[in-house]
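Below, each chain spelled out in residue letters.
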Amino acid sequence: MRALLTTATAALALGVLAGCGDASTPAASDQTTTTTTTSTTSAPPSKTPPETPTPSDVPPTQPEPSAGKPQNPSSGTPRITIDQGEIVVPPGLTQVPAAQVDASAVPDYYGEHRGKVWLHADGFTLETIAYASSGCTSAEAVVVDQAANAVKIILRPLDQPPGGKPDDSICATVMTPLPVTVTLDQPLQDRKILLSAGR
């Protein structure tokens, strides 16, 4: 009977301890969850290298240029040259058809250069000839309007040479042809070019 009493006391003690375990210590399932969480956050670093981002994962730092538009359209350096009065057109430029250019507002003194326009391969950049008022000054082309069917460009002489006034040099007051360039917002395509001269 003593063995039965000892066994019953032991079973009762185990029951009490099991009940106390719920209140003071986490259950076995809670310990597993805690252990899992702890082991996930404190796991040693993996020996496989981190994935390198692909170009599509990396956001662009600046917007892409629109359909091949030159990055720096304000550079404005003409590629056409004039050698002994003759226009020299380098490869990569195409003359715009005469039917696509209206030069009726360009003065007659432009002569053979009147209404000639060349298009760069990018489709945005145009070159033509403008006249400076002397051998010491320059000229420019300015886009004043860009519509769906036409582009208006003014050709005009500049009062000073690039870099400022000449230093007491003698300048011949002769209309001097100079190549000039402009860059459009959209490709020229079949739009009409309306040229005029002014100040």
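Quick summary incoming for the structure in this document. Remember, it's a predicted structure, so these values are computed and weren't measured experimentally.

Assignment of secondary structure puts T181 in strand β9 (residues 176–183). Exposure remark for T181: the relative accessible area of 15% places this residue in the buried category. The spatial distance from the C-alpha of T181 to the C-alpha of A130 is 9.6 Å, given a sequence separation of 51 residues. In this structure the side chain of T181 is engaged in a polar contact, spanning 3.1 Å, whose partner is the backbone oxygen of L126.

Empty space among the atoms can be located by rolling a probe the size of a water molecule over them. Applying the stated criterion to the full structure yields one cavity of 30 Å³ or more. Size it by volume and the largest cavity reaches roughly 40 Å³. Contributing to the lining of the largest cavity are V117, L126, E127, T128, A141, I153, V180, T181, V182, I193 and L195. Listed by contribution, the elements that provide at least two residues to the lining of the largest cavity are β6 (125–132), β9 and β10 (192–197).

The subject of this paragraph is the sheet that holds β9. A sheet is described by the order of its strands in space; here four strands give the open sequence β3-β5-β6-β9, paired in antiparallel fashion. The two strands at the open ends of the sheet, each matched to only one other strand, are β3 (93–95) and β9. Mean inter-strand twist for the sheet, computed between neighbouring axes without regard to direction, equals 35°. As judged from the three bridges shared by β3 and strand β5 (residues 117–120), these two strands associate in the antiparallel manner. Within β5, the residue paired with T94 across the bridge is L119.

A word on the side chain of Q100. Along the polypeptide, Q100 turns up in the loop between β3 and β4 (101–105). In this structure the side chain of Q100 is engaged in a polar contact, spanning 2.7 Å, whose partner is the backbone oxygen of R191. Setting aside chain neighbours within four positions, we find Q100 in contact with L188, Q189, D190, R191, K192 and I193.

This part takes up the nonpolar core. Soluble globular proteins: nonpolar side chains tend toward being buried together. Residues L126, I153, L188 and I193 are the most contacted members of the largest nonpolar core, which totals 26 residues. Broken down by secondary-structure element, the contributors of at least two residues to this core are β4, β5, β6, β7 (139–146), β8 (150–157), β9 and β10. Once you skip the residues sitting within four places of it in the chain, L188 turns out to touch V96, Q100, L119, G123, L126, V151 and I193.

Applying the stated rule across the entire model yields three aromatic pairs. Ring geometry for Y109 and Y131: centres 5.7 Å apart, planes at 85°, overall edge-to-face. Here Y109, found in the loop between β4 and β5, pairs with Y131, found in strand β6; they are 22 residues apart in sequence, far enough to count as distant. Taken together, the ring pairs in this structure connect Y109, Y110 and Y131 into an aromatic cluster.

A side chain of one charge can pair with a side chain of the opposite charge if their charged atoms are brought near each other. Within this structure, the stated rule accounts for two salt bridges. For D108, the salt bridge goes to R114, with nearest N and O atoms at 3.6 Å. Accessibility expressed as a relative area gives 64% for D108, which makes it exposed. For R156, the salt bridge goes to E140, with nearest N and O atoms at 2.6 Å. Of this pair, R156 sits in strand β8 while E140 sits in strand β7, placing them 16 residues apart in sequence. What makes R156 partly exposed here is its relative accessible area of 24%. With relative accessibility at 25%, the residue E140 sits in the partly exposed group.

What counts and what doesn't
Residues numbered from 1 in each chain as written. Predicted model: local features only at pLDDT ≥ 70, side-chain atom pairs only at ≥ 80, totals over all residues. Heavy atoms only, no water. Helix = DSSP H or I, 4+ residues; strand = E, 2+ residues; numbered from the N terminus. Buried < 20%, exposed > 50% of the residue type's maximum accessible area, 1.4 Å probe, protein only. Polar contact = N/O pair within 3.5 Å; in protein donor to acceptor, adjacent residues only side chain to side chain. 1 Å grid on protein atoms, 1.4 Å probe; cavity = no way out; pocket = protein on both sides within 12 Å on 5 of 7 lines; lining within 4 Å. Points joined across faces, edges and corners; volume = space filled by probe spheres on them. Pairing = 2+ DSSP bridges. Axes fitted to C-alpha atoms, helices over the stretch in contact; angles between N-to-C directions. Contact = heavy atoms within 4.5 Å. Core = buried A, V, L, I, M, F, W, Y, C linked by side-chain atoms within 4.5 Å. Phe/Tyr/Trp six-rings, centres within 6.5 Å; stacked < 30°, edge-to-face > 60°. Salt bridge = Lys/Arg side-chain N within 4 Å of Asp/Glu carboxyl O.

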